[in-house]
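Structural overview for review
Residue-level listing of the chains:
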Amino acid sequence: MTRHLSMSINGEPHEFDAADHRTLIEVLRDDLALTGTKDACRQGVCGSCTVLVDGVAVRSCLMLAARCQGKSVTTVEGLAAGDRLSALQQAFVEAGAVQCGYCTSGMLIAATALLESNPSPTEVEVRAALVGNLCRCTGYAPIVRAVLAASRAGAGHPVAAVGS
Amino acid sequence: MNDSSTSELVQRSRAVGREVRRGDAAEKVTGRYAYGMDLALPGMLHAKVLRSPYPHARIVSIDTSRARALAGVRAVVTGDELPWLFGSALRDEPFLARGRVRYAGEPVVAIAATTEEIAREAIDLVDVEYEELPAVFDPIEAMEPGAPVLHPDLGSYAMEGYYGGVDGTNIANHAKIRRGDVEQGFRDSDFVFEDVFTTQYVQHCSMEAHVCAAQVAVDGSVTVWSSCQSPYNFVRDLSNALGLPYNRVRVIATGIGGAFGGKMYLRTEPLTVALAMRTQGRPVKYAHTRDEEFIGAVVKHPAHLKFKTGVKRDGTIVARQITSVFNTGGYADAGPQVARNSAFSGTGPYRIPNVRIDSYCVYTNNPIGGAFRGFGVPQATWAHESQMDMIAHRLGIDPVEIRRRNLMDLGDSTSTGEVLVTSVGVRQTLERAIEASSYRTPLAPTGDPRVVRGRGLATMHKLTNSPTHSTAFVKMHQDGTVVLLSSSVDLGQGIATVLRQIVAERLGLALEHVSIAPPDSHYSPYDQSTSGSRSVFHMGNAVLAACADLARRLCAHAAPLLGVGVERVEYRDGGVGVVGGDRFLTAKAIIEKTFGTRGCTVHGEGRFTPPNTVPPDKDTGQTPKMSAFWMYATHVADVEVDLDTGRVKVLKVVAVHDAGTIINPEGAVGQVEGGVVQGLGATLCEEMLVADGIVTNASFAEYKIPTSLDVPEIVSLFVEAPHAEGPYGAKGLSEPALAPTAPAVANAIYNATGARVTSLPITPEKVLAALAATRR
């Protein structure tokens, strides 16, 4: 059946109808044009579609949209403050943590969740937090460096404008 | 008239060789970058495909009536309606299976519907009756007389000149190298060693799966959007297949989430175009699911490599004979090139006077083998570097010393008869790797006698397919800023940023005043493809030529404004000045004074074809100049082996590359770090399992690529032997980054344990078996 759902997405209230079987990634990408959340395996293995639901990193391909009723969803589009990148986003840019970029959204969300719960992680803790996010380009080292740099800079604070 | 001594756009510090951030990073970290998967067009339909469950079968009947009747279905197509064949080296593949299927996963029926869900439902309503045919899965069996012949029409297929399929057999290409007298060489050797090495199926696992969209105009013109590596390959191969003039096939390369060779040739596009021909102008999008990516895209060819090498007592190599067999599956795709290029690297970067190589690309009823970062060279490197170590140990020579004795230098000849005259940095990569890895300092023991450590090295060389062509346009706006039009695709490797750096450097502009347009065959000029580590060298040179052309035109406009003849002016610092004088006009001033302030643009065009490269002779593989350049690398791996479980842990990899001058240091390190990790995946954990033609691990849950916890410390270094013809001395880098990793690890395992594994991947089971063999 189809339900009427309401949830906060990137801080904005959203109301829409969605069939029970529809997943969060489908609603985000297909209905709301929030295509920053990436679709790569639809099996919950690669982590590309990771989003925050009430602050917890989840695979949006395994999460039914209906289960987010009344909750708060954050996607990669919600990390920057307007055009000002978060410290983590800026660190990804500066550390060369982005190549093809297809895993980047999921990496950023997983790392955001890590830094929320553990603002000063060790390298091993960063690697463990990202183990569910696959990257085929970088070999992970610059991503790990970026997360560590952001943790030193204070991840939550916007530091630079997009494109700077 | 002399409005300033320097342009406001001048960037005094050099753009080449500087730490420059990639231009698309901000778009990517904000989720705004548009990939093929994100493509949405007005009225767009969604496609799904029914694939064969059988590796080899005759199609008896197809009933699509129930699917056609489903509400929302807009087009249904089967192979019977599509007379065309496509392919690059060899035009052997139908748009959808016609009459028979040659691998499990071959597309049989395609359906376009208003939603993906309806298309999927419609696929389930199709009934296909198959009659299974005898199948062959082992390429060596497939070469034997009496094996089922997959392509009885092989002799009639359109074929690119160099390649040689053997009519009436499953051999899609037989590449040869003949140099010296290999039999005499073996007679002149003190020892002759024969060893066999094998490699496995590896899938590219680009995070973005294959995806495309197609739209057909009333006049039959086709537009394709594709997450692809080569818009011009697609124009050529689609036009040739459909019999359409090239100007009526437009290919737009979308943003792309990784490729690694897997998106070099047509794959999802032909059937999508066939659907779009039936939708009255509505565009059709088709995206692979992850399991389709495993079973229905392309994979790295498994290879069987027999190496027979004759050496003198002191380790000098006298002769080598190689017979290698590449399993290309149901259709050739890039297989003919893979088998050929592998042969060209068969000797390794060593002087070998007597060489005979036979490299076969063979059809079987398995998934399709395609291009994969290195085109068969990683397979050859696995064999020659493993055998190099084995020979060293058999002769009691140090593994470094035997390589030093045989390495090529300037003035030496390759097995293909090319005398190397520039940029041979292989010896430097070896020496630097020895030094940087503290090779001679033994690894500290683990303290546990059941866990032992060892160190191994491997070196390699690779050519780039030549001659190939690149062209570029630069367009200067009236304010002096520039837009570059090039068909090199940024797959993530960073070519867009590197090309902008080259323009900025050549024209003396700030990097932010150089933009790059997305590749689109209707706008950006010809490029062979983004493959073979060729883009920096080829497109970089084309861009330099285009900049020089632009500068020439600006000089012609500026000379009368400066009141001197054109021979007395020069392009410098973002404008044109009088030679030897300080009279100078910015580009903006030149354009506005020439054309008025309402505006105009000034253009430059450039083409690059590597000078003097000649395709090799088909029967001998010989040519005076095979390749635009040769790339070199040496990797040293430190490993730990658990003698009880066979588990191998890589502790560290030192990777030293000669890619010529490095233009973007961050990007170069990124290529090597990422390449080494891909190499480690193929060394230790990755194998697409195919049982009687059926892929049994078609998901990321069952096919394991390295994660953030699986990677060791990687030290990447560059020796930068500048190439005389390279842009600022640059060559190429991407493919060598993963090639020496596997044999370096295998050689380290031998160093640690005395056990030799000759088959990839190096699983704990194989290590235990090799350990057991040492005790027998």
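Residues numbered from 1 in each chain as written. Chains lettered and ligands numbered in written order. Predicted model: local features only at pLDDT ≥ 70, side-chain atom pairs only at ≥ 80, totals over all residues. Heavy atoms only, no water.

A count of helices and strands for chain B gives 18 helices and 33 strands. Against the globule reference of 28 Å for 776 residues, chain B gives a C-alpha radius of gyration of 27 Å, in line with a compact fold. Within chain B, buried positions represent 65% of all 776 residues. When the accessible area of chain B is evaluated, it comes to approximately 25,600 Å², of which 50% is carbon and sulfur surface. (Helix = DSSP H or I, 4+ residues; strand = E, 2+ residues; numbered from the N terminus. Rg over C-alpha atoms; globule rule 2.2 N^0.38 Å. Buried < 20%, exposed > 50% of the residue type's maximum accessible area, 1.4 Å probe, protein only. Areas by Shrake-Rupley, 256 points an atom, 1.4 Å probe, with all protein chains shown as cover.)

All right, on to the pattern of salt bridges then. Residue and element names in this part refer to chain B. Enumeration over the complete set of coordinates arrives at 50 salt bridges over all chains. Between arginine 455 and aspartate 638 there is a salt bridge, and its shortest N-O distance comes to 2.7 Å. Separated by 183 residues along the polypeptide, arginine 455 in strand β21 (residues 451–463) and aspartate 638 in strand β29 (residues 630–642) bring together distant segments of the chain. Residues arginine 455 and aspartate 638 agree in their burial class; the two are buried. When the shortest N-O distance is used, the salt bridge between glutamate 735 and lysine 462 registers 3.1 Å. Placement of the pair is glutamate 735 in the loop between β33 (713–718) and α17 (741–753) and lysine 462 in strand β21, with a sequence separation of 273 residues. For the residue pair glutamate 735 and lysine 462, the accessibility class agrees, reading buried in each case. Connected via shared salt-bridge partners are Arg22, Asp24, Lys28 and Asp490. (Salt bridge = Lys/Arg side-chain N within 4 Å of Asp/Glu carboxyl O.)

Another aspect to go through is the packing of aromatic side chains. Geometrically, a pair of aromatic rings is defined through the distance of the ring centres and the angle of the planes. Taken as a whole and assessed by the stated rule, the structure comprises 13 aromatic pairs over all chains. Aromatic pair tyrosine 103 of chain B and tyrosine 331 of chain B: ring centres 6.2 Å apart, planes at 80 degrees, arrangement edge-to-face. With tyrosine 103 of chain B in the loop between β6 (100–101) and β7 (107–113) and tyrosine 331 of chain B in the loop between β18 (317–329) and α9 (335–344), this pair connects stretches of sequence that are 228 residues apart. An aromatic cluster is present here, built from Tyr102 of chain A together with Tyr33 and Tyr35 of chain B joined pairwise through their rings. Its guanidinium or amino end placed over the ring of tyrosine 33 of chain B, lysine 28 of chain B lies 4.6 Å from that ring's centre, counting from NZ or CZ. One cation-aromatic arrangement involves lysine 300 of chain B over phenylalanine 372 of chain B; the distance from NZ or CZ to the ring centre is 4.9 Å. (Phe/Tyr/Trp six-rings, centres within 6.5 Å; stacked < 30°, edge-to-face > 60°. Lys NZ or Arg CZ within 6 Å of the ring centre and 35° of its normal.)

Our next topic: the pairing of β21 of chain B. All names here are of chain B. Among the 13 residues that make up β21, twelve are buried, leaving the element largely enclosed by the rest of the structure. Here β21 pairs with β29 via 13 bridges, running antiparallel. Across the sheet, the residue bridging to arginine 455 is aspartate 638, located in β29. (Pairing = 2+ DSSP bridges.)

Next up on the list: the sheet that holds strand β9 (residues 171–179) of chain B. Residue and element names in this part refer to chain B. Reading across from one edge, β9-β19-β18-β17-β10 is the order of the five strands in this open sheet, with mixed pairing throughout. In the strand order of this sheet, the two ends are held by β9 and β10 (191–198), each with one partner. Between one strand axis and the next, the sheet turns by 5 degrees as a mean value, whatever way the strands run. (Axes fitted to C-alpha atoms, helices over the stretch in contact; angles between N-to-C directions.)

Each side of the interface is counted separately: chain B has 47 residues, and chain A has 47 residues. A buried area of about 3,700 Å², summed over both sides, lies between chain B and chain A, and 58% of it is on carbon and sulfur atoms. Considering only the surface of chain B that becomes buried against chain A, Val29, Met207 and Ser708 of chain B emerge as the three largest contributors, covering 20% of it. Between glutamate 686 of chain B and arginine 136 of chain A there is a salt bridge, with its nearest N and O atoms 2.7 Å apart. Looking at the side of chain B that touches chain A, the elements with two or more residues in it are α1 (25–29), β11 (202–203) and α16 (665–685) of chain B. Ranked by residues supplied to the side of chain B that touches chain A, first place goes to α16 of chain B with seven residues. Residues belonging to the side of chain B that touches chain A are distributed by class as follows: 21 nonpolar, 14 polar and twelve charged. (Contact = heavy atoms within 4.5 Å. Buried area = accessible area lost by both parts, 1.4 Å probe. Nonpolar A, V, L, I, M, F, W, Y, C, P; charged D, E, K, R; others polar.)

The next point concerns the confidence of the model for chain B. The pLDDT averaged across chain B works out to 96; a share of 98% of its residues lies at or above 70. pLDDT under 50 marks residues 1–13 of chain B. Its contacts with residues more than four places away, or in other chains, come to 36 contacts. (pLDDT = per-residue confidence, 0-100.)

Right, let's get into the sheet that holds strand β25 (residues 569–572) of chain B. Residues and elements named next belong to chain B. Here we have three strands laid out as an open sheet, ordered β25-β26-β27, and antiparallel in their pairing. In the strand order of this sheet, the two ends are held by β25 and β27 (584–586), each with one partner. Each neighbouring strand pair of the sheet contributes to a mean axis angle of 25 degrees, computed without reference to strand direction.

Next up on the list: the domain arrangement of chain A. Residue and element names in this part refer to chain A. You can read the domains of chain A as domain 1 (2–78) and domain 2 (84–161). A separation of 21 Å is found between the C-alpha centroids of domain 1 and domain 2. Each side of the interface is counted separately: domain 1 has 17 residues, and domain 2 has twelve residues. Carbon and sulfur atoms supply 61% of the area that domain 1 and domain 2 bury against each other, a total of about 1,100 Å² over both sides. Remark: the boundary between domain 1 and domain 2 carries zero salt bridges. Viewed at the interface, domain 2 and domain 1 are joined by five residue pairs in polar contact (both at pLDDT 80 or more). Breaking the side of domain 1 that touches domain 2 down by element, the ones donating at least two residues are β3 (50–53) and β4 (56–59). For the side of domain 1 that touches domain 2, the leading source of residues is β3, giving three residues. (Domains from an automatic or database assignment. Polar contact = N/O pair within 3.5 Å; in protein donor to acceptor, adjacent residues only side chain to side chain.)

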